[in-house]
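Per-entry structural report
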Amino acid sequence: MARANRLPRTLDRALVTPEGVVLNVRLASASARAGALIVDLLLMLVTLGLLTWAVGSVLSDRNAQSVAAVIWLLGFFAIRNLYFIAFESGPRAATIGKRLMKLRVVARDGGRLTTGAVVARNMMREVELMLPLTMLAMAMAEGGGGGTLSFGLAWAAIFLFLPLFNRDRLRAGDIVAGTWVVENERRKIGIDLIDAVAANDDAPSFSADELAVYGTFELHKLEAVLRQNNGSAIEAVAATIRGKLGRTDWGDDRVFLEAYYAALRGELEGGLLMGRHKADKFDTA
Amino acid sequence: MTDTARPLFAVRHFRAEREEDWARLEALLDRVEKRSARRLTDDDLSELPRLYRATLSALSIARETSLDAALIDYLEGLSTRAYFILYSAREPMGVKLRQFARFGLPKAVRGIVPELLVIAALFFASALAGYFLVTADPEWFGAMVDPGLAAGRDMEASAETLRVSLYDPPGQSGLEVFATMLFTHNSRIAILAFALGFAFGVPTLFLVASNGAMLGAFYAAFVPHGLGWGLTGWLMIHGTTEIFAILLAGAAGLHIGRAVAFPGSRARMAAASEAGRRAAKVMVGVVGMMLIAGLLEGFGRQLISQDLPRYAIGIVMLALWLVYFFGGRRGARE
């Protein structure tokens, strides 16, 4: 496959299922990824705070001191290393932050997301995130350790902004694990707009010439307007279409548009069955 | 109107006939995502793939025959969701772990043997170099060993100080805290060695070499006092596990670095991800080994102060690891 075909400039990617159906997925934007990461880091910080508080309140008891220390050390280790791995190897393949941003992790080759891949992408965080953070903290504690500070910042910048420098929004962990992060938004099934017309007996009807004016592109725009149901937009679109058709029946705008939508869709879908696809109003083929 | 009535009816019919299936698939997916896959009945489980295929085929039909953009959008979203869940075949965690321990981990380790040999050679060569350098010029000791870590065990230390550091039980109690600290600290270093492999493996090599040199420098401090044998026992009880784990982590990092630098006939990205997944499996094993090494070092070494049992435990552990990683059937399935 040519390189040019492989790297589209948008975030839309096609995924072919083993059944041979193309599914279009959209990669998560860098801002959504950053938002998810911030939520996750805050959650980890809060959990760590709670753990420290709980351990601290036990610590007053002399006998339990070493147990508390062990619990804290193991808890810190678990939060730091297992938080991302545990959530991403679940059925949703997303941390809490990613869930909030409606994202999920997916294997780049369309295959299944193995635990190995999840471990690989999250262990890389140790150099991407934890190491520069530790370096920054160290530089701050030492007070103006210029060398460490600037090195840490440069390091963090390279890895932090890596997703912005490739079209697939991959961070180092994604490269190593062969994963990427896609949007996983639930879409609701809308009402079928032609139901309204079927229920309405006095809907206006249209001649074949009037239905030959527009194509699929305009039909989809009309559908969007009807679904948004914005009063002024419906009024404007109805006026435009009436003008184009040269009709003067001034009934209710929405009823008129719904009837025209149903009729036009019927016409164009009838054409599709016959192998005629009319892309837009300029398409005369 | 008459000539548009027929397709209108057909399209509405198409949706009405299948809508129930889509809603049912959606409900099943919701239940799977809420981690209650086990609560699905057998009927549900056999229903899931059927509904997925039905939805997928409805999507294909809708794309060709329907101009309802919202419907196609919905079907595409639903199919994608179902696809991700169905093709991420989820076994229960227990089964997965058992499979991993029995087949996955040894196979992954066998996959990085070339890197393991390189790392081991580098480690022991650096140890030798460290030993001879420090023997020739004691000034080198300070360059190779962090003074905080040496804690007085340097070239000027008396034989008595060194002997005490090997055999005397530690003054303070709290072995469990010591063991836990060793575990978390060593795991972090191992993960770092792995993750740094991304930069063509260069930092990983550096990390391994500096650890090897440090080991050599310690030998240079102990051997002149006739404590070489004792130091070996002191190291061996946990070292056969810990150093083995560090070498594995270094090898895992180098494995990624090698795939990134020399992908061979595969695409660079494909090579990197294949190597990354295998190396990550090794790393899960490394963290487990570090846990055992932490216990051996924190408890075993502090409580057992004779050379012979120390050697025995070290050798037995090494043999166990070698048999576990390399003793299995080569053709064993994953």
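Remember, predicted model here, so these are calculated numbers, not experimental data.

A separate point is unusual backbone geometry. Peptide bonds are mostly trans, and most non-glycine residues show a negative phi. All names here are of chain A. The backbone of lysine 102 shows a phi angle near 60°, a positive value even though the residue is not glycine. Phi angles above zero are rare outside glycine, and asparagine 229 is one such case at about 55°. Its place among the elements puts asparagine 229 in the loop between α11 (216–228) and α12 (231–245).

Before going further, it helps to examine the packing of helix α6 (residues 125–142) of chain A against helix α9 (residues 175–195) of chain B. Look at α6 of chain A against α9 of chain B: their axes get within 9 Å of each other, and the N-to-C directions meet at 120°. Between α6 of chain A and α9 of chain B, the angle is such that the two are oblique. Counted together, Glu126, Val127 and Leu131 of chain A of α6 of chain A and Arg188, Ile191, Leu192 and Ala195 of chain B of α9 of chain B form the full contact between these two elements. Of the residues assigned to the contact of α6 of chain A with α9 of chain B, the class counts are 5 nonpolar, no polar and 2 charged.

Once that is clear, we can look at the pairing of strand β4 (residues 179–183) of chain A. All names here are of chain A. Counting buried positions along β4 gives 4 out of 5 residues, so the element sits mostly inside the fold. Pairing between strand β3 (residues 103–107) and β4: 5 bridges, direction antiparallel. The partner of alanine 107 across the bridge, within β4, is threonine 179.

Attention now goes to the packing of aromatic side chains. Within this structure, the stated rule accounts for 20 aromatic pairs over all chains. Measuring from ring centre to ring centre gives 5.3 Å for tryptophan 72 of chain A and phenylalanine 76 of chain A, while their planes differ by 5°; the resulting arrangement is stacked. Of this pair, tryptophan 72 of chain A and phenylalanine 76 of chain A are both found in helix α3 (residues 65–88), 4 residues apart, which corresponds to roughly one turn of the helix. Positioned above the aromatic ring of phenylalanine 256 of chain A, the side-chain terminus of arginine 242 of chain A is 4.3 Å from the ring centre. The ring of tryptophan 234 of chain B has arginine 301 of chain B lying over it, and the distance from NZ or CZ to the ring centre is 3.9 Å.

What follows deals with the pattern of salt bridges. This model, assessed by the stated rule, comprises 31 salt bridges over all chains. Note that aspartate 12 of chain A and arginine 26 of chain A form a salt bridge whose closest N and O atoms lie 3.1 Å from each other. With aspartate 12 of chain A in strand β1 (residues 12–16) and arginine 26 of chain A in strand β2 (residues 22–26), this pair connects stretches of sequence that are 14 residues apart. Between glutamate 297 of chain B and arginine 301 of chain B there is a salt bridge whose closest N-O contact spans 3.3 Å.

Among the structural elements, glutamate 210 of chain A can be located in helix α10 (residues 208–211). Within the structure, glutamate 210 of chain A has its side chain in polar contact with the backbone nitrogen of serine 207 of chain A (distance 2.9 Å).

Moving on to the confidence of the model for chain B. Residue and element names in this part refer to chain B. Residues at a pLDDT of 70 or more form 90% of chain B, whose mean pLDDT is 83. Confidence, expressed as mean pLDDT per element, reaches its minimum in chain B at helix α7 (residues 147–150) with 70 and its maximum at helix α5 (residues 113–136) with 92. The low-confidence segment residues 1–7 (pLDDT under 50) makes 7 contacts with residues lying over four places distant or belonging to another chain. Taken together, the chains of this predicted complex give a pTM of 0.82 and an interface ipTM of 0.82.

With 79 residues of chain A at the interface, the matching set in chain B holds 69 residues. Note on chain A versus chain B: buried area summed over both sides is about 6400 Å², and carbon and sulfur give 65% of it. At the junction of chain A with chain B, the criterion picks out 6 salt bridges. Here aspartate 30 of chain B ties to arginine 186 of chain A by a salt bridge, and the two come within 3.2 Å at their closest N and O atoms. Summed over the shared surface of chain A and chain B, the result is 14 residue pairs in polar contact (both at pLDDT 80 or more). For the side of chain A that touches chain B, the leading source of residues is helix α13 (residues 253–273) of chain A, giving 11 residues. In the side of chain A that touches chain B, the residues fall into 42 nonpolar, 19 polar and 18 charged.

Our focus in this paragraph is the environment of alanine 157 of chain B. Mapped onto the elements, alanine 157 of chain B comes out in the loop between α7 and α8 (159–167). In sequence terms alanine 157 of chain B and alanine 221 of chain B are 64 residues apart; their C-alpha atoms lie 8.1 Å from each other.

The next subject is the packing of helix α5 (residues 115–123) of chain A against α6 of chain A. Residue and element names in this part refer to chain A. Interhelical geometry of α5 versus α6 gives an angle of 30° and a closest axis separation of 5 Å. Relative to α6, the element α5 is oriented roughly parallel. For the pair α5 and α6, the contacting residues are Arg121, Asn122 and Met123 in the first and Arg125, Glu126 and Val127 in the second. When its residues are assigned to classes, the contact of α5 with α6 shows 2 nonpolar, 1 polar and 3 charged.

What follows is about helix α11 (residues 228–261) of chain B. Residues and elements named next belong to chain B. Along its 34 residues, α11 runs just 40 Å from first to last C-alpha, ending more than 12% under the 50 Å computed at 1.5 Å per residue. By the largest-angle criterion, glycine 239 marks the main kink of α11, which is about 65°. Among the 34 residues of α11, 29 are classified as buried, and the element is accordingly described as predominantly covered.

Conventions used here
Residues numbered from 1 in each chain as written. Chains lettered and ligands numbered in written order. Predicted model: local features only at pLDDT ≥ 70, side-chain atom pairs only at ≥ 80, totals over all residues. Heavy atoms only, no water. Helix = DSSP H or I, 4+ residues; strand = E, 2+ residues; numbered from the N terminus. Axes fitted to C-alpha atoms, helices over the stretch in contact; angles between N-to-C directions. Parallel < 35°, antiparallel > 145°, perpendicular 65-115°, else oblique. Contact = heavy atoms within 4.5 Å. Nonpolar A, V, L, I, M, F, W, Y, C, P; charged D, E, K, R; others polar. Buried < 20%, exposed > 50% of the residue type's maximum accessible area, 1.4 Å probe, protein only. Pairing = 2+ DSSP bridges. Phe/Tyr/Trp six-rings, centres within 6.5 Å; stacked < 30°, edge-to-face > 60°. Lys NZ or Arg CZ within 6 Å of the ring centre and 35° of its normal. Salt bridge = Lys/Arg side-chain N within 4 Å of Asp/Glu carboxyl O. Polar contact = N/O pair within 3.5 Å; in protein donor to acceptor, adjacent residues only side chain to side chain. pLDDT = per-residue confidence, 0-100. Buried area = accessible area lost by both parts, 1.4 Å probe. Expected span 1.5 Å × (residues − 1). Bend = angle between axes of the 7 residues up to and from the residue.

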